[in-house]
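Here are the chains, one letter per residue:
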Protein chains: 2
Amino acid sequence: MNRIASPKNNRVKEWKKLNSKKGRDKAGCFIIEGPHLVEEALLCHAPVSDLIIDESFQIPAKWHTGNVTTWVVASSVINELSDTESPQGVIAIVENETKPIELNPEGTYVLIDGIQDPGNLGTIIRTADSAGVDGVILGSGTVDLFNSKVLRSTQGSLFHIEVTKGNLNEWIDRFKKGGIKVYGTALQDGVAYTKESDPGGYALLLGNEANGVSPDLLEKTDQNLFVPIYGKAESLNVAVAAGILLYGMKQNRVNQ
Amino acid sequence: MNRIASPKNNRVKEWKKLNSKKGRDKAGCFIIEGPHLVEEALLCHAPVSDLIIDESFQIPAKWHTGNVTTWVVASSVINELSDTESPQGVIAIVENETKPIELNPEGTYVLIDGIQDPGNLGTIIRTADSAGVDGVILGSGTVDLFNSKVLRSTQGSLFHIEVTKGNLNEWIDRFKKGGIKVYGTALQDGVAYTKESDPGGYALLLGNEANGVSPDLLEKTDQNLFVPIYGKAESLNVAVAAGILLYGMKQNRVNQ
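Residues numbered from 1 in each chain as written. Chains lettered and ligands numbered in written order. Predicted model: local features only at pLDDT ≥ 70, side-chain atom pairs only at ≥ 80, totals over all residues.

Novice: I'm lost on unusual backbone geometry in this one. Help?
Specialist: Glycine aside, residues mostly have negative phi, and peptide bonds are mostly found in the trans state. All names here are of chain A. Not every positive phi belongs to a glycine, and Q155 is a case in point at roughly 55°. Tracing the backbone shows Q155 in the loop between α6 (148-154) and β8 (162-165). Assessed through the 22 C-beta atoms surrounding it within 10 Å, Q155 is described here as buried. Even without being glycine, D189 reaches a positive phi, approximately 55°. By the secondary structure assignment, D189 is in the loop between β9 (181-185) and β10 (190-192). (Helix = DSSP H or I, 4+ residues; strand = E, 2+ residues; numbered from the N terminus. Buried ≥ 20, exposed ≤ 12 C-beta atoms within 10 Å, placed from the backbone.)

Have a look at this one:
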């Protein structure tokens, strides 16, 4: 066990840099906090390098911390590193290691084009995990995956399914070449998802909260889907729409 | 047109009290901001009493402001009243007038038991509106409907469907007496929503983010539903689950 008493410690200063995208990109790692996220990272064998715990924090027996450097620190250090109002006494540093997404003709994939709200992105990843999605690809203009609010909203699903950054134009080509149907989401030239029959594997392309999917990407999709609005709302929240579409497509499959 | 130049004006001080639940409860009105929400309130004939605009704000021609007192104010007044980092130059005061929810045996209703996150409550109301829900009833322990983040997340759906506070125990009795099936949401003694056939009208009971629906309410439901998890996530966000259930039940209906 290593001990750090002061938030002015140089190592703490290095860790603190991980609270910015620039710092994360430079260091190639990110910071997670709270027992739930840290537990998910450890149980899923994510590359956790450091575990930073408050003096009063008890490490649960099921956490395998074999290769992890553990630091017992003063509460002031946790407060310095934490992004929340009520830190929960445990933080971990995780290496940013993305595994390649392998295409399976029967798989389901989600493509994200410019989602800006961290809560929305995290919730979509959590929803994709729930719906049994095989991989999520984040296009340019999307909020940083390792933003603390995104991580919190994933509720750990980030460690369950493959999530990677990529060029959506190239990914759409790759899916189509691999015989995987690509659905855009748009009212224009779209069909209600309830009318769509089981495509086997497919990729679902979700767009920015205000502007939707970029027109140049929509042009390349095999088909565009929309969620019918039965009331007076103009639109749905994008994470809610993702849930309706992913589960609805599954329900279409079951009903055939 | 009335003018207010200073944020220290007494009327501004009274309006500012509407940023707290206590102030709203005392005054019987609430505050909304931004052109989209204000427009929805006006177009839906919500009881808007005052419209407060920045000197540079242009009132759109389609806004009928006949009975509304309009105040042209300094930017500092808007900043004083606004809850956002980038105020958009328009605020309105709306009377808190809840209309009774009438029960229709073919209708769909949502009951909210103790949802705490403002974004979740607002998003559920927006989703309910999209799914054609007839009314939403907020039980005790639920975040205040007129909290600015709730209002913002509704995207105006608050003005499209009836939303009221109520005793959920009594409402469940009322639904059952009216021949409207009440579904809880719980894994325990639950069935996958995809297995449930069309009940005609129904009420869906959603629970707190961490603890779910209160056990005493779950005991009174006709049936409990759950959303199957196909991946490794422990659960779904409650607003996403609401969307999947409300749209999934509709899809069951279509497929019969």
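And the narrative resumes.
Novice: Is there a simple way to think about the domain arrangement of chain A in this case?
Specialist: By a widely used convention, the size of an interface equals the accessible area lost when the partners come together. Residue and element names in this part refer to chain A. Splitting chain A by domain gives domain 1 (2-95) and domain 2 (108-255). Using C-alpha coordinates to define each centre, domain 1 is positioned 31 Å away from domain 2. Of the residues lining the interface, eleven residues belong to domain 1; the matching set on domain 2 comes to seven residues. Those elements that place two or more of their residues in the side of domain 1 that touches domain 2 are α2 (21-27), β2 (29-33) and α3 (35-43). Among the elements that make up the side of domain 1 that touches domain 2, the one with the highest residue count is α3 (four residues). Residue composition of the side of domain 1 that touches domain 2, grouped by class: six nonpolar, one polar and four charged. (Domains from an automatic or database assignment. Contact = placed C-beta atoms within 7 Å. Nonpolar A, V, L, I, M, F, W, Y, C, P; charged D, E, K, R; others polar.)

Novice: I'm lost on the interface of chain A and chain B in this one. Help?
Specialist: Between chain A and chain B, the residue contacts involve 30 residues of the former and 30 residues of the latter. When residues of the side of chain A that touches chain B are traced back to their parent elements, those giving at least two are α5 (118-130) and α9 (238-255) of chain A. With nine residues, α9 of chain A is the largest single contributor of residues to the side of chain A that touches chain B. Tallied by class, residues from the side of chain A that touches chain B come to eleven nonpolar, 15 polar and four charged.

Novice: Would you explain the pairing of strand β6 (residues 108-113) of chain A in this entry?
Specialist: Consecutive side chains along a regular strand alternate between the two faces of the sheet. All names here are of chain A. Within β6, six of the six residues are buried, which leaves it mostly tucked inside the rest of the structure. Side chains T108, V110 and I112 of β6 all project onto a buried face; the interleaved residues Y109, L111 and D113 project onto the opposite face, where all are buried too. Of the strand pairs in this sheet, β6 and strand β11 (residues 202-207) are connected by six bridges, and their pairing is parallel. The partner of T108 across the bridge, within β11, is Y202. In this view, the connection linking β6 to its parallel neighbour strand β7 (residues 135-138) by way of α5 has right-handed handedness. (Pairing = 2+ DSSP bridges. Right-handed = clockwise from strand over helix to strand, strands pointing away.)

Novice: What should I look at first to understand the confidence of the model for chain A in this one?
Specialist: Reading fine detail from the predicted coordinates is not recommended where pLDDT is low. Here chain A averages 95 in pLDDT, and 99% of its residues register 70 or above. The complex model carries a pTM of 0.96, and its ipTM stands at 0.95. (pLDDT = per-residue confidence, 0-100.)

Novice: Before we go on, may I ask you to explain the sheet that holds strand β7 (residues 135-138) of chain B in this structure?
Specialist: Strands pair in a sheet through their backbones, by hydrogen bonds, and they do so in one of two ways: parallel or antiparallel. All names here are of chain B. Judged by pairing direction, the sheet is parallel, and its seven strands sit side by side in the order β8-β7-β6-β11-β9-β12-β10 without closing on themselves. Since the sheet does not close on itself, it has two edges, and those belong to β8 (162-165) and β10 (190-192), each with one partner. Taking each pair of neighbouring strands and ignoring which way they run, the sheet shows an average axis angle of 30°. Note that β10 and strand β12 (residues 223-226) share three bridges and pair parallel. Paired with A192 across the bridge in β12 is F226. (Axes fitted to C-alpha atoms, helices over the stretch in contact; angles between N-to-C directions.)

Novice: Would you mind going over the environment of A46 of chain B with me for this structure?
Specialist: All names here are of chain B. The residue A46 is located in the loop between α3 (35-43) and β3 (48-54) in this model. Measuring from C-alpha to C-alpha, the distance between A46 and N104 comes to 23 Å, with 58 residues separating the pair along the chain. Beyond its immediate stretch of four places on either side in the chain, A46 contacts A41, V94 and F159.

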